[in-house]
Amino acid sequence: MAERLPQASRQRRGKAMTAAAGSAGRAAVPLLLCALLVPGGAYVLDDSDGLGREFDGIGAVSGGGATSRLLVNYPEPYRSQILDYLFKPNFGASLHILKVEIGGDGQTTDGTEPSHMHYALDENYFRGYEWWLMKEAKKRNPNIILMGLPWSFPGWLGKGFNWPYVNLQLTAYYVMTWIVGAKHYHDLDIDYIGIWNERSFDINYIKVLRRMLNYQGLHRVKIIASDNLWEPISASMLLDTELLNVIDVIGAHYPGTRTVRDARLTKKKLWSSEDFSTLNNDVGAGCLGRILNQNYINGYMTATIAWNLVASYYEQLPYGRCGLMTAQEPWSGHYAVEPPIWVTAHTTQFTQPGWYYLKTVGHLEKGGSYVALTDGLGNLTIIVETMSHKHSRCIRPFLPYFNVSHQFATFLLKGSFSEIPELQVWYTRLGKPSKRFLFKQLDSLWLLDSGGAFTLELQEDELFTLTTLTSGGKGSCPPPPEPQPFPQVYDDDFDVDYPFFSEAPNFADQTGVFEYFTNIEDPGEHRFTLRQVLNQRPITWAADAYNTISVIGDYKWSNLTVRCDVYIETPEKGGVFIAGRVNKGGILIRSARGVFFWIFANGTYKVTGDLAGWIIYALGHVDVTAKRWYTLTLIIKGRFSSGTLNGKSVWKNIPVSFPKNGWAAIGTHSFEFAQFDNFHVEATS
């Protein structure tokens, strides 16, 4: 038996050496003469001198904002398949962390997300879709870490100022209620809470928040700050012992894999709490592959959180397709599992929060990097990346030039890893489609009599995971339906008695919040409507418009008819509009152009070429007042547009030369209550 074992291992090793790694045409093989190369050019992986920092996980952000907007109305089974690719262990991205926006009613990049407290005495823990998303994530991975962070805040917290720190107790109470509501209504335990995304922090507010959480028995909820730059939060912590004690994690955004001295001196956990935000093609995948390794190697960051989770918003909004995968067509069911999903899997499927990095991690001699992690129970995972400069540039920050070239890298396992007999091998190569492989399992490496040494041949833009874990898997589902444009004829009467989600499908709120509403005063045709529910400007994160607006449809629409029943609730000063060819959204919404047909409670109408109302095509008087329903129709064909009120012509053939195309939209003149019903759009080209 003893004689047959080495022979078997030699046969196994020979098989590994000669295999072409399946159809990949790549062999990751232990060299017979590895021992002769050690210690000269080898990268030693050793735990004899202890371990590095504790690994806290890889995650993604839903929100900041409205990035998962279109996901919720995907039909089954496609919606569940998308969620599986994101959260199901050993299937796809297998995320460890889900970070969500605490909706604050303001525009936060690609739309607004509703607050659980629009007004001071209002609490509703079923608005929006982040509650649902967290529950779906927990269903698939009960151990997933949940984080909440505000971008904007409802206006009442500011007491007339665009500032959340006017009353520290009140803002802390508001955030605390979100955490308590998550538990009470959804049985969700929030693990980490943030301060104010990429905006100023207030030292006293952070202390007040900690005290309030403790008072409510939420000692387990940790505070991460400040979701901006490493400074001035790090220096502030070093100068203030109480602040140092109440902050558990320093989170920085887009750190470029680097940290600063003050942050390291705090001895706190350091996270890249928002990163990536790059088009999800091969270059985006290369960006992610590089930073997942190098955030730790260069910057001691033990968690990296990608913005955003899934690109489920209209692609022409800012940062289109900057999610780990793309799901922006609920009307067709089409989605795309993009390369960043599989790059993420190289780390997430073979590690868990609570593992530890080895101290022996670093850069490869001819470009690229390697990290190794262990669970302390004998398991080892090694991730090697050789992403080139050209194919791994993130959207930010600037990436200084570096070179990566073909190389042989020999690794030597020492310490408790020296007796590991076998490593599973997973492989990705980005770049030309003909040479591209995404998360392919290769033949395993047999190390029994190689002295713990093996050599990899590395080309540019490759990713290897070598691991003792045998649980990895490349999940797959039947192909989703083919992509289709938004339906050319679309109707919504909003007649939903008990809506599962607070927002109507496909409407993407860009300023204000539009929610299903039950009109108990009108038992007839308009009992169920869509209502704009903000009566006060929120504490903004971006340049929200001064009007509310929700867009819908196909950005390529040019010739279209938009019809909607409208109801102004505010006497004298109130106003509503319908629009077509709306050409901007997200953080650019304030400068949106299009064709806007307005009516006002004071008996006037207006036609403008922009949302702000500066470009006036026509104006005049109509028989309109508040508290009555009217039917508005807007017709845009070629270079001309017309409008009717209750079927009667109000204006005809007004020239509109710009823009040539855009979304349909509804909205209000200011932050005011108004209702919409029987929405209809028909596009002819």
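Residues numbered from 1 in each chain as written. Predicted model: local features only at pLDDT ≥ 70, side-chain atom pairs only at ≥ 80, totals over all residues. Heavy atoms only, no water.

Another aspect to go through is the overall build of the protein. Helix and strand counts for the protein come out as 11 helices and 37 strands. Here the C-alpha radius of gyration of the protein, 28 Å, is about what a compact globule of 685 residues would show, namely 26 Å. Along the longest, intermediate and shortest principal axes, the C-alpha atoms of the protein span 100 × 55 × 45 Å. By the burial criterion, 62% of the 685 residues in the protein qualify as buried. By sequence separation, contacts in the protein at least 24 residues apart represent 73% of the contacts at least 6 residues apart. With 62 positive and 66 negative side-chain charges, the protein shows a spacing of 5 Å between the two charge centroids. (Helix = DSSP H or I, 4+ residues; strand = E, 2+ residues; numbered from the N terminus. Rg over C-alpha atoms; globule rule 2.2 N^0.38 Å. Buried < 20%, exposed > 50% of the residue type's maximum accessible area, 1.4 Å probe, protein only. Contact = heavy atoms within 4.5 Å. Lys, Arg positive; Asp, Glu negative; His and termini not counted. Charge placed at Lys NZ, Arg CZ, Asp CG, Glu CD.)

Our focus in this paragraph is the environment of lysine 139. Looking at the secondary structure, you find lysine 139 in helix H4 (residues 130-140). A sequence separation of 52 residues divides lysine 139 from phenylalanine 87, and the C-alpha atoms of the two residues are 8.9 Å apart.

A word on the state of the cysteines. Inspection of the entire model under this criterion finds one disulfide. Between the sulfur atoms of cysteine 287 and its disulfide mate cysteine 394 the distance is 2.1 Å. With the S-S dihedral at roughly 100°, the linkage between cysteine 287 and cysteine 394 falls on the right-handed side. Of the two residues, cysteine 287 is situated in helix H10 (residues 282-299) and cysteine 394 in the loop between strand S17 (380-385) and strand S18 (407-413); the sequence distance between them amounts to 107 residues. Look at cysteine 287 and you get buried, because its relative accessible area is 0%. Left without a disulfide partner, cysteine 322 is nearest to the cysteine sulfur of cysteine 287, which lies 9.8 Å away. Taking the relative accessible area as the measure of exposure, cysteine 322 reaches 4% and is therefore buried. (Disulfide = S-S within 2.5 Å.)

Let us now look at the packing of aromatic side chains. By the definition in use, this model includes 46 aromatic pairs. Ring geometry for phenylalanine 153 against tyrosine 174: centres 6.2 Å apart, planes inclined by 55°, an arrangement best described as tilted. Remark: tyrosine 174 occurs in helix H5 (residues 168-186) and phenylalanine 153 occurs in the loop between strand S5 (145-150) and H5; sequence separation between them is 21 residues. Taken together, a centroid distance of 6.1 Å and an interplanar angle of 40° make the contact between phenylalanine 350 and phenylalanine 439 tilted. Here phenylalanine 439 lies in strand S20 (residues 437-446) and phenylalanine 350 lies in the loop between helix H11 (339-348) and strand S14 (356-358), a separation of 89 residues in the sequence. An aromatic cluster is built from Tyr85, Phe91, Tyr335, Trp342, Phe350, Trp426 and Phe439, whose rings are joined through pairwise contacts. In this arrangement the basic side chain of arginine 537 is found over the ring face of tyrosine 546, its NZ or CZ atom lying 4.5 Å from the centre. Its guanidinium or amino end placed over the ring of tryptophan 598, lysine 606 lies 5.9 Å from that ring's centre, counting from NZ or CZ. (Phe/Tyr/Trp six-rings, centres within 6.5 Å; stacked < 30°, edge-to-face > 60°. Lys NZ or Arg CZ within 6 Å of the ring centre and 35° of its normal.)

The next thing to look at is the confidence of the model for the protein. When the pLDDT values of the protein are averaged, the result is 94; 94% of them are 70 or greater. Note that residues 1-40 has pLDDT below 50 and, in this model, 64 contacts with residues that lie over four places away or in other chains. (pLDDT = per-residue confidence, 0-100.)

A separate point is the UniProt feature "active site" (unreviewed entry) in the protein. As recorded in UniProt, the sites labelled "active site" (unreviewed entry) are Glu198 and Glu274. These annotated residues cover 77 residues of sequence, and their C-alpha atoms all fall within 9.9 Å of one another, placing them together at a single site. Looking at the secondary structure, you find glutamate 198 in the loop between strand S6 (192-193) and helix H6 (203-215). What glutamate 198 contacts, discounting residues up to four positions off in sequence, is Ser226, Asp227, Asn228, His253, Tyr254, Glu274 and Trp541. (UniProt positions renumbered as here; feature names shortened; annotations may be inferred.)

Our focus in this paragraph is the nonpolar core. Phe87, Leu98, Ile193, Ile195, Ile206, Ile599 and Phe679 are the most contacted members of the largest nonpolar core, which has 184 residues in total. With eight residues, H5 is the single largest residue contributor to this core. With sequence-adjacent residues up to four places away left out, isoleucine 195 is seen in contact with Leu149, Pro150, Phe153, Tyr165, Phe201, Tyr205, Ile206, Leu209, Ile223, Ile224 and Ala225. (Core = buried A, V, L, I, M, F, W, Y, C linked by side-chain atoms within 4.5 Å.)

Split by domain assignment, the protein resolves into domain 1 (51-396 + 405-467) and domain 2 (489-684). Here the C-alpha centroids of domain 1 and domain 2 sit 37 Å apart. With 45 residues of domain 1 in contact, the opposing surface of domain 2 contributes 36 residues. The contact between domain 1 and domain 2 buries some 3,100 Å² in all, and 56% of this surface belongs to carbon and sulfur atoms. Per-residue buried area on domain 1 facing domain 2 is highest for Arg69, Gln107 and Tyr314; these three make up 23% of the total on that side. At the junction of domain 1 with domain 2, the criterion picks out one salt bridge. Across the pair arginine 127 and glutamate 515 runs a salt bridge, and its minimum N-O distance is 3.4 Å. (Domains from an automatic or database assignment. Buried area = accessible area lost by both parts, 1.4 Å probe. Salt bridge = Lys/Arg side-chain N within 4 Å of Asp/Glu carboxyl O.)

Turning to a nonpolar patch on the surface, a few remarks are in order. Nonpolar side chains collect at one region of the surface, where Phe161, Trp163 and Val166 lie side by side and expose about 310 Å² of accessible area between them. Relative to the helices and strands, valine 166 resides in the loop between S5 and H5. We classify valine 166 as partly exposed; its relative accessible area is 38%. (Patch = residues over 30% accessible without salt bridge, like charges linked within 9 Å, V, L, I, M, F, W, Y side chains within 5 Å. Areas by Shrake-Rupley, 256 points an atom, 1.4 Å probe, with all protein chains shown as cover.)

Spatially, the three strands line up as an open sheet ordered S11-S12-S13, and their pairing is mixed. Each of the sheet's edge strands pairs with one partner strand only, and the pair in question is strand S11 (310-311) and strand S13 (334-336). Note: strand S12 (residues 325-329) against S13, two bridges, orientation antiparallel. Each bridged residue has a counterpart across the sheet, and for threonine 326 the counterpart in S13 is alanine 336. (Pairing = 2+ DSSP bridges.)

The subject of this paragraph is the UniProt feature "domain: Glycosyl hydrolase family 59 C-terminal lectin" (unreviewed entry) in the protein. In the numbering used here, UniProt assigns the "domain: Glycosyl hydrolase family 59 C-terminal lectin" (unreviewed entry) feature to residues 509-683. Note that residues 509-683 is 0% helix and 54% strand, and that its end C-alpha atoms are spaced 21 Å apart.

Running from N to C, H10 and H11 cross one another at 20°; their axes reach a closest spacing of 8 Å. Here H10 lies roughly parallel to H11, going by the angle between them. Of the two possible hands of crossing, H10 and H11 adopt the one that is right-handed. Residue-level contacts link Asp282, Ala285, Leu288, Gly289 and Leu292 of H10 to Pro339, Pro340, Val343, Thr344 and Thr347 of H11. Looking at the contact of H10 with H11 residue by residue, the classes come out as six nonpolar, three polar and one charged. (Axes fitted to C-alpha atoms, helices over the stretch in contact; angles between N-to-C directions. Parallel < 35°, antiparallel > 145°, perpendicular 65-115°, else oblique. Left-handed = near helix turned anticlockwise from the far one by under 90°. Nonpolar A, V, L, I, M, F, W, Y, C, P; charged D, E, K, R; others polar.)

This part is about the layout of surface pockets. A volume near 580 Å³ is recorded for the largest pocket. Along its surface, the largest pocket is lined by 26 residues, and Asn124, Phe126, Pro499, Phe501 and Ser502 are the ones closest to its centre. Broken down by secondary-structure element, the contributors of at least two residues to the lining of the largest pocket are H4 and strand S25 (514-518). Each residue belonging to the lining of the largest pocket can be placed in one class, and the counts come to 15 nonpolar, six polar and five charged. Built from parts of two domains, the lining of the largest pocket gets at least three residues from each of domain 1 (51-396 + 405-467) and domain 2 (489-684). Space inside the second largest pocket adds up to approximately 340 Å³. (1 Å grid on protein atoms, 1.4 Å probe; cavity = no way out; pocket = protein on both sides within 12 Å on 5 of 7 lines; lining within 4 Å. Points joined across faces, edges and corners; volume = space filled by probe spheres on them.)

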